[in-house]
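# A look at the structure
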Amino acid sequence: MKVQPKHLGCVGLSCFYLAVKVMEEESNIPLATDLIRISQYRFTVSDLMRMEEILLEKLHGKVKATTASQFLQLYCLILCDSINCERNDNLKLERLETQLMACHCRILLSKAKPSVLALSIMALEAEEKKVPELVEIIQCLRIHSKISSREFSFWKELVSKNWSLKVVILKKSGWDIVWQHMFSQQGYKLSCAETQNGWILLT
């Protein structure tokens, strides 16, 4: 779907609004007028609704999808069943989700299949912790998930390169929103994401 630059804001907000409608309780869904006001865009509610209809048409009405975060949770549960949970301290879901958030700050990595991205993160973490037993189980999960070794290696390498960037987590309690921002400092572009666990800065 090709989008003109002037319509990107409307597309982005429409995608966000659709996601909120799918994921949140009806009582938590904000008014379209409030979203537009907060976003400071100049389009109207009618523009937002029209864009939403276009997106639904392009998606054939299929707005519910399994995310990489859900795959992480599922794979962690399987690992927990396969290995004594008390011994499974090497792969903490909170840390894996933080790594996933860092990956989502990179446009290229957002193009990976959710299952492949989740498993790549887990595999790299297991290799870093040097736990052969976990690496073996992750390979079994790869085969069971019908992910080819070539595809897995390709994305795992890209995720690994992303990890080679300096990832700094700055604790900042009291926040429960997630947002992403690009800015420039002294000629270097930095990606910044704020999560429940703090700030993630990618340099």
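The paragraphs below set out a description of the structure included in this document. Computed from a predicted model, the values in this text were never measured in an experiment.

Overall, the coordinates contain 3 aromatic pairs when judged by the stated rule. With centroids separated by 5.2 Å and ring planes inclined at 20°, the aromatic side chains of Y41 and F43 adopt a geometry described as stacked. The class of Y41 is partly exposed, set by a relative accessible area of 40%. For F43, a relative accessible area of 15% translates into the label buried.

The next point concerns the packing of helix α4 (residues 68-82) against helix α5 (residues 93-104). Relative to each other, α4 and α5 sit at 155°, their axes nearing to 10 Å. With respect to α5, the element α4 is oriented roughly antiparallel. Pair α4 / α5 crosses with right-handed handedness. On the side of α4, the interface is formed by A68, S69, L72, Q73 and C76, while α5 contributes L93, L96, E97 and L100. Of the residues in the contact of α4 with α5, the class split is 6 nonpolar, 2 polar and 1 charged.

Taken as a whole, this structure holds 8 salt bridges when the rule is applied. Linking E52 and K21 is a salt bridge whose minimum nitrogen-to-oxygen distance equals 2.9 Å. Placement of the pair is E52 in helix α3 (residues 45-58) and K21 in helix α1 (residues 8-23), with a sequence separation of 31 residues. Residue E52 is classed as buried on the basis of its relative accessible area, which comes to 10%. For K21, a relative accessible area of 33% translates into the label partly exposed.

With that settled, the discussion passes to helix α2 (residues 32-39). Taken as a whole, α2 has its buried residues at A32, L35 and I36. Mapping the buried residues of α2 onto a view down its axis gives an arc of 95°, with all of them on the same face. Along α2, exposed side chains directed more than 90 degrees from the buried face belong to R37 and I38. Positioned one or two residues after α2, Q40 has a phi angle of 65°, which is positive.

To continue, consider helix α7 (residues 132-144). Given a rise of 1.5 Å per residue, 13 residues ought to cover 18 Å, and the 19 Å separating the end C-alpha atoms of α7 matches this to within 8%. Among the residues making up α7, those that are buried are L134, I137, I138, L141 and R142. Viewed along the axis of α7, the buried residues span an arc of 150°, placing them on a single side of the element. What points out from α7, more than 90 degrees from its buried face, is the exposed set P132, E136, C140 and I143.

Calculation rules
- Residues numbered from 1 in each chain as written.
- Predicted model: local features only at pLDDT ≥ 70, side-chain atom pairs only at ≥ 80, totals over all residues.
- Heavy atoms only, no water.
- Phe/Tyr/Trp six-rings, centres within 6.5 Å; stacked < 30°, edge-to-face > 60°.
- Buried < 20%, exposed > 50% of the residue type's maximum accessible area, 1.4 Å probe, protein only.
- Axes fitted to C-alpha atoms, helices over the stretch in contact; angles between N-to-C directions.
- Helix = DSSP H or I, 4+ residues; strand = E, 2+ residues; numbered from the N terminus.
- Parallel < 35°, antiparallel > 145°, perpendicular 65-115°, else oblique.
- Left-handed = near helix turned anticlockwise from the far one by under 90°.
- Contact = heavy atoms within 4.5 Å.
- Nonpolar A, V, L, I, M, F, W, Y, C, P; charged D, E, K, R; others polar.
- Salt bridge = Lys/Arg side-chain N within 4 Å of Asp/Glu carboxyl O.
- Arc of directions from axis to C-beta.
- Expected span 1.5 Å × (residues − 1).

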